[in-house]
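Close look at the chain arrangement
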Amino acid sequence: KAKSSTIADALIESERVKENIERDRQMFLPVAKTGSILFFYIRELHKLNPMYMFSLPPFLKLFRFSLGSERQPDVSVETRTSLLIESLRRIVFDFVSRSLFKKDRLSFSLQYVHLLFPETFQEGEWEYFLGMTTSAGSSRNLGDDLPSWASHECKGQWYALQIRYPALVSRLNMSDENFWSSWAHSSACEKEFPAQMRTEVSPFQQVLLTQALRPDRLASSLEFFCLQSLKRPSMAPVASSLQDVYA
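To start, this report covers the structure provided alongside it. (Residues numbered from 1 in each chain as written. Predicted model: local features only at pLDDT ≥ 70, side-chain atom pairs only at ≥ 80, totals over all residues. Heavy atoms only, no water.)

Regarding its fold elements, the chain presents twelve helices and zero strands. Each helix and strand of the chain, ordered N terminal to C terminal, gives the series α-α-α-α-α-α-α-α-α-α-α-α. Among the 247 residues that make up the chain, the fraction classed as buried is 39%. Considering only residue pairs separated by 6 or more positions, the chain has 64% of its internal contacts joining residues 24 or more positions apart. Put simply, the chain shows about 15100 Å² of open surface, and 56% of that area lies on carbon and sulfur atoms. (Helix = DSSP H or I, 4+ residues; strand = E, 2+ residues; numbered from the N terminus. Buried < 20%, exposed > 50% of the residue type's maximum accessible area, 1.4 Å probe, protein only. Contact = heavy atoms within 4.5 Å. Areas by Shrake-Rupley, 256 points an atom, 1.4 Å probe, with all protein chains shown as cover.)

This is how it looks when you write it as structure tokens:
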């Protein structure tokens, strides 16, 4: 009878431990999900350049390293999970970008943002930016509504933006030359978007507007967008110490 009672208590304790483990596993599931998304993304980078080959063992090493990088016992599980995800994103970004040619870092960063922060893009914006959608609309002359301060060469892109996102264009009041003059002639327009419009236009919509009317600053605008989204000071990877390299 005593042995039977001991076994019953052990089974109850075992079930309790199992429930606790499952609860903790569910709490940290977002970290594992983020790791999975990142790994399968970087595995596809060989399509950008055949030299970019990443295997599972190095990635697992990065994943384990990120798990030990945010040891803060006094924070809640939710906070720790957020910190771990942010750490993993940062560590993987630095590891991969360090392996890329400089010319490919912007493409990688933009895809990285799209993968990790899909909420940054409204429906259809990503496809429109990549030219994967067609703009069907009226047969009016392309340059009819082109802002007076814009280059004539922009009329095609401006027309496409008008047809695809009429509500967005109507909010911008682009005909007000005085309002847009500074942005139109700025050598760093991506950093000088009118403050009054920032609540009306999302960061990626600012990129779309730059693509349409300031194509000369599109690359800089994309870089600024990526840096803001990833909360990074620079696109260049963080320098590593010898200790980090041989860790």
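A separate point is the side chain of S221. Within the secondary structure, S221 is located in helix 11 (residues 218-230). Under the relative-accessibility criterion, S221 is labelled buried at 4%. With residues up to four places along the chain from it excluded, the contact list for S221 reads E190, V207 and T210.

Turning next to unusual backbone geometry. A negative phi angle is the norm for most residues apart from glycine, just as the trans form is the norm for most peptide bonds. Although it is not a glycine, N173 adopts a positive phi angle of roughly 55 degrees. By the element assignment, N173 lies in the loop between helix 8 (166-172) and helix 9 (177-185). Unlike most non-glycine residues, K231 shows phi in positive territory, near 55 degrees. For K231, the location among the structural elements is in the loop between helix 11 and helix 12 (242-245). Here K231 falls in the exposed class, since its relative accessible area comes to 72%.

This paragraph deals with the packing of helix 10 (residues 203-213) against helix 11. Here helix 10 crosses helix 11 at 175 degrees, and the two axes come no closer than 9 Å. Taken as axis vectors, helix 10 and helix 11 run roughly antiparallel relative to one another. In this structure, helix 10 contributes P203, F204, V207, T210 and Q211 to the contact, and helix 11 contributes L218, S221, L222 and F225. Across the contact of helix 10 with helix 11, the residue classes break down as six nonpolar, three polar and no charged. (Axes fitted to C-alpha atoms, helices over the stretch in contact; angles between N-to-C directions. Parallel < 35°, antiparallel > 145°, perpendicular 65-115°, else oblique. Nonpolar A, V, L, I, M, F, W, Y, C, P; charged D, E, K, R; others polar.)

Along the chain, R214 turns up in the loop between helix 10 and helix 11. A polar contact of 2.8 Å, which involves the side chain of R214, links it to the backbone oxygen of A184. Among the polar contacts listed, one links the side chain of R214 to the side chain of D216, at a separation of 3.0 Å. Setting aside anything within four residues of it in sequence, one finds R214 in contact with W183, A184, H185, S186, C189 and L209. (Polar contact = N/O pair within 3.5 Å; in protein donor to acceptor, adjacent residues only side chain to side chain.)

Our next topic: the packing of aromatic side chains. One pass over the full model with this rule turns up 22 aromatic pairs. Every member of this aromatic cluster is reached through a ring pair, and the members are F121, W126, F129, F204 and F225. (Phe/Tyr/Trp six-rings, centres within 6.5 Å; stacked < 30°, edge-to-face > 60°.)

Shape descriptors only; they carry no functional weight alone.
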